[in-house]
Amino acid sequence: MRESVQAEVMMSFLVSEELSFRIPVELRYETCDPYAVRLTFHLPGDAPVTWAFGRELLIDGVGRPCGEGDVHIAPADSELLGEVLIRLQVGGDQALFRSSAPPLVAFLDRTDKLVPLGQEGALADFDAHLDEALDRILAEEQSAG
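Residues numbered from 1 in each chain as written. Predicted model: local features only at pLDDT ≥ 70, side-chain atom pairs only at ≥ 80, totals over all residues. Heavy atoms only, no water.

Here's the deal with the pattern of salt bridges
Evaluation of the coordinates by the stated rule reveals 5 salt bridges. As a salt-bridge pair, Glu-30 and Arg-28 come within 2.6 Å of each other at their nearest N and O atoms. For Arg-28, a relative accessible area of 22% translates into the label partly exposed. The closest approach of N and O atoms between Arg-98 and Glu-83, which form a salt bridge, is 3.9 Å. (Salt bridge = Lys/Arg side-chain N within 4 Å of Asp/Glu carboxyl O. Buried < 20%, exposed > 50% of the residue type's maximum accessible area, 1.4 Å probe, protein only.)

Here it is, written out as structure tokens:
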């Protein structure tokens, strides 16, 4: 069984109303973390930055505004579903990206073929991976603090 789905999408990084530039963004979905998608942004002059958030958030955000906290996704125009805005925020800093919707939908369709939406919990080793990840996070926190 294939264990991941990848795609590269060109997105506009909206620096301000007057300035934006196109950057490659890698989309990745893995069966070892079936509820999440990862977007890796390749910003000029910086190391790549990866954000992970719920696959369902991306699915919902293509069609309607959604998201709480650090990730907000919405159609760029409520009348048309041609482009999607992705806003990522850490503290007071935020980054805004615009993507064409069809490549996102095609990527999400491929993830659904790999693991149908709603069937994520049926993966046999997901609980084991989750337990390992939680143990690793707790160990890192204990050693750091």
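Examining the packing of aromatic side chains
What the rule picks out here adds up to 3 aromatic pairs. A centroid spacing of 5.1 Å and a plane angle of 25° characterise the contact between Phe-13 and Phe-97, whose relative ring orientation is stacked. Of this pair, Phe-13 sits in strand β1 (residues 4-14) while Phe-97 sits in strand β7 (residues 93-100), placing them 84 residues apart in sequence. Judged by relative accessible area, which is 17%, Phe-13 ranks as buried. Phe-97 gets classed as buried once you look at its relative accessible area, which sits at 3%. An angle of 25° between the planes, with centres 4.2 Å apart, marks the rings of Phe-41 and Phe-97 as stacked. Residue Phe-41 is found in strand β3 (residues 36-41), and its partner Phe-97 is found in strand β7; the two are separated by 56 residues along the sequence. Among the aromatic side chains, those forming a connected cluster through ring pairs are Phe-13, Phe-21, Phe-41 and Phe-97. (Phe/Tyr/Trp six-rings, centres within 6.5 Å; stacked < 30°, edge-to-face > 60°. Helix = DSSP H or I, 4+ residues; strand = E, 2+ residues; numbered from the N terminus.)

No statement about biological role is implied by the geometric values presented.
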